[in-house]
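# Notes for the structure review
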Amino acid sequence: MTEEQEAIRQETRKVLKRFSKQRGNLVPILQQVQAQLGYIPLEAMVEVAEFLKIPEMDVYSVVTFYNQFRLNPPGKHSVRVCLGTACHMKGGYIVLDAWKRRLGIDQGETTPDHEFDLDTVACVGCCTMAPVTVVDNEAEGKTSPTRVDGILLSYQLEKDKEGKETK
Ligand code: FES
């Protein structure tokens, strides 16, 4: 077992101390694990299954059933494409495809450099700006594929600037 896997197991055990061994606690436990680690790693699922004395497959099924749970570690920046009704009507799926292509990942995944994670959300309450993408809690309106390029460019420039300042 790697150091990282051992650290995940230890963090998960800390969360488990707050719960009794009842199967009904599965979802609240997973929510707390995610709050602690930012996602639900496989090692955490194994710990939870052992704790509740249930098959690992049952834990995995719950994690993959609810889209509140992430199977991948969060990126430095979160990208959430709104697919609520208004955004859907104004091309939300085209925007999602643009993000997927530009980042080279699918929804629910994180870029290999851990800079961005991509997912979808339901209405975020600013339908007049549809289609909307929320990047790091900032709502970006009228997110055409060209706008996606612009947003990514601004993050790249910011990263380049940070790199120069730390040299
Ligand atoms: S549907 Fe996207 S903000 Fe309302």
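Starting afresh in each chain, residues are numbered from 1 along the sequence in its written order. The model is predicted, so local features are restricted to residues of pLDDT at least 70 and side-chain atom pairs to those at 80 or more, both for listing and for counting; the totals for chains, interfaces and linings are taken over all residues. Values shown for side chains rest on all heavy atoms present in the structure; no hydrogens or waters enter the calculation.

### Observations regarding the overall build of the protein chain
To be explicit about the condition: Secondary structure elements follow DSSP: runs of H or I of four or more residues count as helices, runs of E of two or more count as strands, with numbering from the N terminus. A contact between two residues is defined here by any heavy atoms of the two lying within 4.5 Å. Asp and Glu are treated as the negative residues and Lys and Arg as the positive ones, with His and the ends of the chain left uncounted. Every charge is mapped onto a representative atom, which is NZ of Lys, CZ of Arg, CG of Asp or CD of Glu.
Secondary structure summary: the protein chain contains seven helices and four strands in total. Listed by position from the N terminus, the elements making up the protein chain come as α-α-α-α-β-α-α-β-β-β-α. The C-alpha extent of the protein chain, read off along each of the three principal axes, is 50 × 45 × 25 Å. A fraction of 60% describes how many contacts in the protein chain between residues 6 or more apart in sequence connect residues 24 or more apart. The average position of the 21 basic charges and that of the 24 acidic charges among the side chains of the protein chain differ by 3 Å.

### Overview of the layout of surface pockets
Rules: Definitions used throughout: a 1 Å grid over protein atoms alone; a cavity as a set of points that fits a 1.4 Å probe which cannot get out; a pocket as an open set with protein on both sides within 12 Å along at least five of seven lines; a lining residue as one with an atom within 4 Å of a point. Grid points are joined across faces, edges and corners, and a volume is the space filled by probe spheres set on the points. Charged means Asp, Glu, Lys or Arg here, nonpolar means Ala, Val, Leu, Ile, Met, Phe, Trp, Tyr, Cys or Pro, and polar covers whatever is left, Gly included.
There is about 160 Å³ of room inside the largest pocket. In terms of lining residues, the largest pocket is bounded by Val-63, Thr-64, Tyr-66, Asn-67, Phe-69, Arg-70, Leu-71, Asn-72, Gln-107, Gly-108 and Asp-119. Among the residues forming the lining of the largest pocket, the class breakdown is four nonpolar, five polar and two charged.

### Examining the nonpolar core
What counts, and what does not: Nine residue types can take part in a nonpolar core, namely buried Ala, Val, Leu, Ile, Met, Phe, Trp, Tyr and Cys, and a core is a set of them joined through side-chain atoms within 4.5 Å. Think of it in three bands: with a 1.4 Å probe and only protein chains considered, a residue is buried below 20% of the maximum accessible area for its type, exposed above 50%, and partly exposed in between.
Formed by 21 residues in total, the largest nonpolar core has its most connected members in Leu-26, Ile-29, Leu-30, Val-48 and Val-59. Top element by residues in this core is helix H3 (residues 42-52). It accounts for six residues. Not counting chain neighbours up to four residues away, the residues in contact with Ile-29 comprise Val-15, Leu-16, Phe-19, Val-48, Phe-51 and Leu-52. In this structure, Trp-99, Leu-118, Val-135 and Leu-152 belong to the second largest nonpolar core, which totals 14 residues.

### A word on the domain arrangement of the protein chain
Selection criterion: Domain limits in this description derive from either an automatic procedure or a database domain assignment.
Its domain assignment divides the protein chain into domain 1 (3-65) and domain 2 (77-165). Each of domain 1 and domain 2 has a C-alpha centre, and the two are 30 Å apart.

### Topic: unusual backbone geometry
The linkage connecting Ala-130 with the following residue, Pro-131, adopts the cis geometry, with an omega of -5°. Here Pro-131 lies in the loop between strand E2 (116-121) and strand E3 (133-135). Phi at His-114 takes a positive value of approximately 65°, unusual for a residue other than glycine.

### Observations regarding the environment of Glu-3
Secondary-structure assignment places Glu-3 in helix H1 (residues 3-16). Taking C-alpha positions, Glu-3 is 25 Å from Pro-55, a pair spaced 52 residues apart along the chain.

### Here we look at the sheet that holds E2
This is how it is decided: Strands are labelled as partners when DSSP assigns at least two bridges between them. For every element, the axis is a line fit to its C-alpha atoms; helices are fit only across the contacting stretch, and the angle between N-to-C directions ranges from 0 to 180 degrees.
Taken in spatial order, the four strands line up as E2-E1-E3-E4 in an open sheet, and their pairing is mixed. Bordering the open sheet on either side are E2 and strand E4 (138-140), each of which pairs with just one other strand. Looking at each pair of strands side by side, their axes are set apart by 25° on average, direction ignored.

### Considerations on a nonpolar patch on the surface
Rules: Each patch is assembled from residues with relative accessible area greater than 30% and no salt bridge, linking like charges that lie within 9 Å and nonpolar side chains (Val, Leu, Ile, Met, Phe, Trp, Tyr) that lie within 5 Å. Methods summary: accessible areas were calculated by the Shrake-Rupley approach with a probe of 1.4 Å, and residue burial reflects only the protein chains presented. The salt bridge definition used is simple: a Lys or Arg side-chain nitrogen within 4 Å of an Asp or Glu carboxyl oxygen.
A surface patch of nonpolar side chains, amounting to about 400 Å² of accessible area, comprises Leu-42, Met-57, Tyr-60 and Leu-71. On the secondary structure map, Met-57 appears in helix H4 (residues 56-65).

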